[in-house]
Amino acid sequence: MMRIAAVVCSLTLMAGGAAPATAGTESGPPRSLRMRSPATSRVSGRSVAQAAPATPQPATADPGTPPAPGVAEPPAAAPGPAVDPAAALSDDEFARLADQQTKEEVIFVTGSTIGRRSLTTPAPLTILDRELLTTGGPASLGDILQQQLASQSNAANAQQNLGGDGTTRINLRGLGISRTLTLINGRRVVPGGRGANVAVDLNTIPLAIVERVEVLKDGASAVYGSDAIGGVVNVITRSDYEGSEATVLTSETQRGDGLAYDASFVTGYNSANKRSNIVFSVGLQDQHPIFAGDRAFSLNDMTYDYVHKMPVMAGSTATPNGRINTKAIDTNGDGIPDPVDLCGAQYCTGSSAGYRAFSTPGDLYNYQPSEYLYTPSSHYHVYSAGTHKIAPAISAFYEASYSDTSAAQQLAPESFVNTVPISKDSMYNPTGGTVLGYQRRLVEFGPRVTSEDLGQFRAVAGFKGSVPDDVDLLKNFKWELSYNYGRGSSEVESTGALVKSRLAAALGPSFMSAAGVPTCGTSTRPIAGCVPMNILGPAGSIDPAAASYVTFTGVGSGYNEQQTVLATAHGRLVTLPNDGDISLAVGGDFRTESGGFTPDPVTAGGDSSLSAIAPTAGSYKVAEGFGELSLVPVTGRPAAEWVELDLAARAFRYSTFGSGVTWKAGGLYRPINGLGLRGSYATAFRAPAISELYQGTSASFLPGFDPCDTRPAGTPVTLAPAVAAECAREGVPANSAFGSSLTLQQARSNPDLHAETAKVLTTGIVIEPPQLKGLSLTADYWRVDIDDAIQRLSMNVVFANCYTRHILSACDQVHRNPLAGGALAYIDLPMANIGGALDSGLDLALAYDHKFTGAGRFRAQIESQYLFKADLDDGSHALHGLGNADLGPSPQIRGNLVTLWQHPSGIGGGVNVRYVGTYKECDQNNCNGGAASRDIGAWYKADLFGSYALRSGAGTTSVTLGVNNVLDRQPPAIYGAALGDYDTTGYDFRGRTFYARMSQQF
């Protein structure tokens, strides 16, 4: 009788009772799929239906539990044979009835604004539940996603020192961080970083409050709006959580550095009448640095000799003892260089005590040891969310969070590279002329350090409910109205740069005063406070007072702000005779985005050795309306177990560039149980971001050789005839030797940008053999074709277009200094709508989840990406990135393996493996120009862990011990990489790392 009562209660729920707590619904709007699963399997430890690997089925609420936030009521049970509650049921009948109940469950998954009744979606979807997210050692959600998603590549993280900002991003398909949309519970998140940023900083989302992450690998602009070209990452937080959990994690490398720890606490409470729920979490995380000098692969700066096929020592020509160009000394004051013999060679090092010829590579400066390989950071967060039913059909809800990040980057001491002339009247100038060509590493100044303090606040509040039953047409509809506010602020402090005006005074005329004090200026016009600088002397010769006079501490500030008002309604319109239905969702939102960054006054005014950085400030507004229609015409028929069609469209208007419409169509066909065929075609768009529209011109020195330099970094090269001809046209003397290794790049925005557009095609197959419970296989082909791409061409592309392809517009971006013998002054890199991009590939996923009697539960998941194309159209030429490093490392194959085992006794363990395939790099990063190349071999790393869970009266105590990168695999050398001799985004720099995690559930 108890079993019969349970069945009756279940049928009551199906007919209109309380909805179960389901995927994608935790405090979230209906930006998800409502599904009734036609078949179940065990691919993630929870019951799922026709799922992509690792797709969990949410737990079902107890009878009487109020509807989970944002969840539509389940549809009424399909017509079928009547069930007599008083009748006795056999075990088979009970199993069939329970299976029917499962088929009626309402499930929400990222990718749609309305519901369907199948968890096999028309677009590829990966779900990483909390069990997967906590298998390894990283405590950062961003680090975990970068490691576990085979479809992710080339995104910033803590391994990015030069150009880093303390943030971690996600980049699906390698299409760019701005083309991946990151959401929390289906709602937008304010971008993070220093200010006027284009993407969400995943460090602001603490792992402690994450239930799972749903990754939609499809164009979704019709559903979510701008930015969803590469895909959508939807972070679902823990909600309806009751109890408490405290977790502590610590890790350290086998070399005794890179210490990290994380501590978090989560607690939740449900009221006795189930009308209210609140979740609260706090956490603290700290990461110590790793220096490049403490790893063999990064100890020295290297380059590659493509002629002799061997790596050679490299480094900077700005050395602690200086490097003077004897052909760039003005002896007669006419501003024209005159040759002076100091050491019998063009380049000399030393001082007046004795000059000698500059030796390459022996005298090159190795800047690696003092730079971070893994940057330090600390984070803390406070988070809370809750719901309260204020009427039978209306609930109020909120989410609120604050996070704070402190991070730092450290570079070698500042280099003086022809920054200002060294006057012939300086008391420390023994050359007899004004020095115009001089380089020196200012080791007396200490390293250059940039630190960020990034704070971010986000709050969401709103109401949701259902349409009264007496409204016939819309009685199945749910609605929501919410306001979403987010603001991030930053304070950025930098030390070690030079004030050029003060430097000019310190290196200008100087004399010894009557009191025996070195003084700047002349005896008739001394410069108060200025201390002359002995920059031509050997290392250690610069007076600390002089160093203090010419350096400064710069403080800048920035912000990102986002406000969104969102209204949605969704539900079933019609129930069809064939157990199908027609569902509709409509909605509208109004959003404002603003951001800016104000650099320190010295840098903004152009008086810094960092070159001028103009302030950034701007905003825009957007209004959008959207709708989606889902049609399930046939279910449960021979050769048509499930047929589904979906259409979506969104109209938008931006204050910056105008209006437009984007749309999507998809379909799912399941001819038999265990087999699904799916596909979708979508148009997508990305609106230009504030930084792309309004960012002030910024400049930075990055590794790059002057194509006209016959001895870049001291290595002799022979210029190709076409390159030599272009160099001559630009006025560069033949056989010029500049010793270039760094190039000044000036990046600027463009207020005339318009939206880029894309066409996204996906088609695939899902196989879940009924005979092999827990096994699933998916294969999805995808193609993303972007037009009018908003992009900034890289320095290497500009060089190739100018010196190899002789495109004059590219040559106009190259600016040279005639006073320095035609050496590169800077490269102009504006933002523009240029050409586009075409990427395609195949995603393969295999998952198995099964519980073996006596042996416990075993779970394995393999995901891989096989690239077919990775092309960039720069408006004049198609650049092929597949299999080379021209556009960022683009191996044909990436893959991930995760295995988990859990014994009933509480013992468990597992292994994670990450694989990055082969590709090649080319001289000057010009594989598309036919330059000489070298192969970069395949790389992998394995992580091992063991765990034990003990249940007691105090709750469950879990302990995990693990080793990441157990084989201590080093990253491969990539000598042309923009950030050192390695790729910061695809490999592990820490090496073998030990970690321990303990969690206590109360």
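The structure under discussion appears in the preceding block.
### Examining unusual backbone geometry
Omega for the bond connecting T360 with P361 falls within 30 degrees of zero, at 10 degrees, which places this linkage in the cis form. Following the sequence through the fold, P361 ends up in the loop between β15 (354-357) and β16 (372-374). A positive phi is found at D788, a non-glycine position, where the angle reads about 50 degrees. In the Ramachandran plot, H806 falls in the positive-phi region, its phi being about 55 degrees despite a non-glycine side chain. Note on placement: H806 falls in the loop between α11 (795-804) and α12 (808-811).

### Some thoughts on the packing of aromatic side chains
Following the criterion strictly, the structure yields 19 aromatic pairs and no others. Summarising the aromatic geometry, the rings of F297 and F989 are spaced 5.8 Å apart at their centres and angled 50 degrees between planes, so their arrangement reads as tilted. On the criterion of sequence distance, the pair formed by F297 in the loop between β9 (290-291) and β10 (302-305) and F989 in the loop between β48 (955-964) and β49 (993-1001) is long-range, its members being 692 residues apart. Among the residues examined, F297 registers a relative accessible area of 18% and is labelled buried. On the accessibility criterion, F989 (1% relative accessible area) is buried. Following the ring pairs from residue to residue traces out a cluster consisting of Y620, F652, Y654, F657 and F685. Over the ring of Y304 we find R934, and its NZ or CZ is 5.1 Å from the ring centre.

### Observations concerning the state of the cysteines
Within this structure, the stated rule accounts for five disulfides. For C343, the disulfide goes to C348, at an S-S distance of 1.9 Å. Across the disulfide from C343 to C348, rotation about the S-S bond amounts to roughly -85 degrees, and the bridge is consequently left-handed. For C922, the disulfide goes to C927, at an S-S distance of 1.9 Å. Taking the torsion about the sulfur-sulfur bond, which here is approximately 100 degrees, the covalent link between C922 and C927 counts as right-handed. A single burial state applies to C922 and to C927, both of which are buried. Disulfides within the protein link the bonded cysteines, taken in sequence order, as 1-2, 3-4, 5-6, 7-8, 9-10.

### Section: the sheet that holds strand β4 (residues 210-216)
Strand order in the open sheet formed by five strands is β1-β4-β5-β2-β3, with mixed pairing between adjacent strands. Edge positions in the sheet fall to β1 (125-129) and β3 (187-188), since each has one partner strand and no second. Across five bridges, the pairing between strand β2 (residues 180-184) and strand β5 (residues 231-237) is parallel. When the bridges of β5 are listed, T182 appears paired with V233.

### Remarks on a nonpolar patch on the surface
Where nonpolar side chains cluster on the molecular surface, the patch consists of F852, F858, W901, I907, Y948 and L950 and spans about 530 Å² of accessible area. Checked against the element boundaries, L950 lands in strand β47 (residues 939-952). Given a relative accessible area of 43%, L950 falls into the partly exposed group.

### Here's the deal with the side chain of T710
With respect to the helices and strands, the residue T710 is situated in the loop between β32 (698-703) and α10 (721-729). A polar side-chain atom of T710 sits 2.8 Å from the main-chain carbonyl oxygen of S736. What T710 contacts, discounting residues up to four positions off in sequence, is T715, P716, V717, L719, N735, S736 and A737.

About the cut-offs
Residues numbered from 1 in each chain as written. Predicted model: local features only at pLDDT ≥ 70, side-chain atom pairs only at ≥ 80, totals over all residues. Heavy atoms only, no water. Helix = DSSP H or I, 4+ residues; strand = E, 2+ residues; numbered from the N terminus. Phe/Tyr/Trp six-rings, centres within 6.5 Å; stacked < 30°, edge-to-face > 60°. Buried < 20%, exposed > 50% of the residue type's maximum accessible area, 1.4 Å probe, protein only. Lys NZ or Arg CZ within 6 Å of the ring centre and 35° of its normal. Disulfide = S-S within 2.5 Å. Pairing = 2+ DSSP bridges. Patch = residues over 30% accessible without salt bridge, like charges linked within 9 Å, V, L, I, M, F, W, Y side chains within 5 Å. Areas by Shrake-Rupley, 256 points an atom, 1.4 Å probe, with all protein chains shown as cover. Salt bridge = Lys/Arg side-chain N within 4 Å of Asp/Glu carboxyl O. Polar contact = N/O pair within 3.5 Å; in protein donor to acceptor, adjacent residues only side chain to side chain. Contact = heavy atoms within 4.5 Å.

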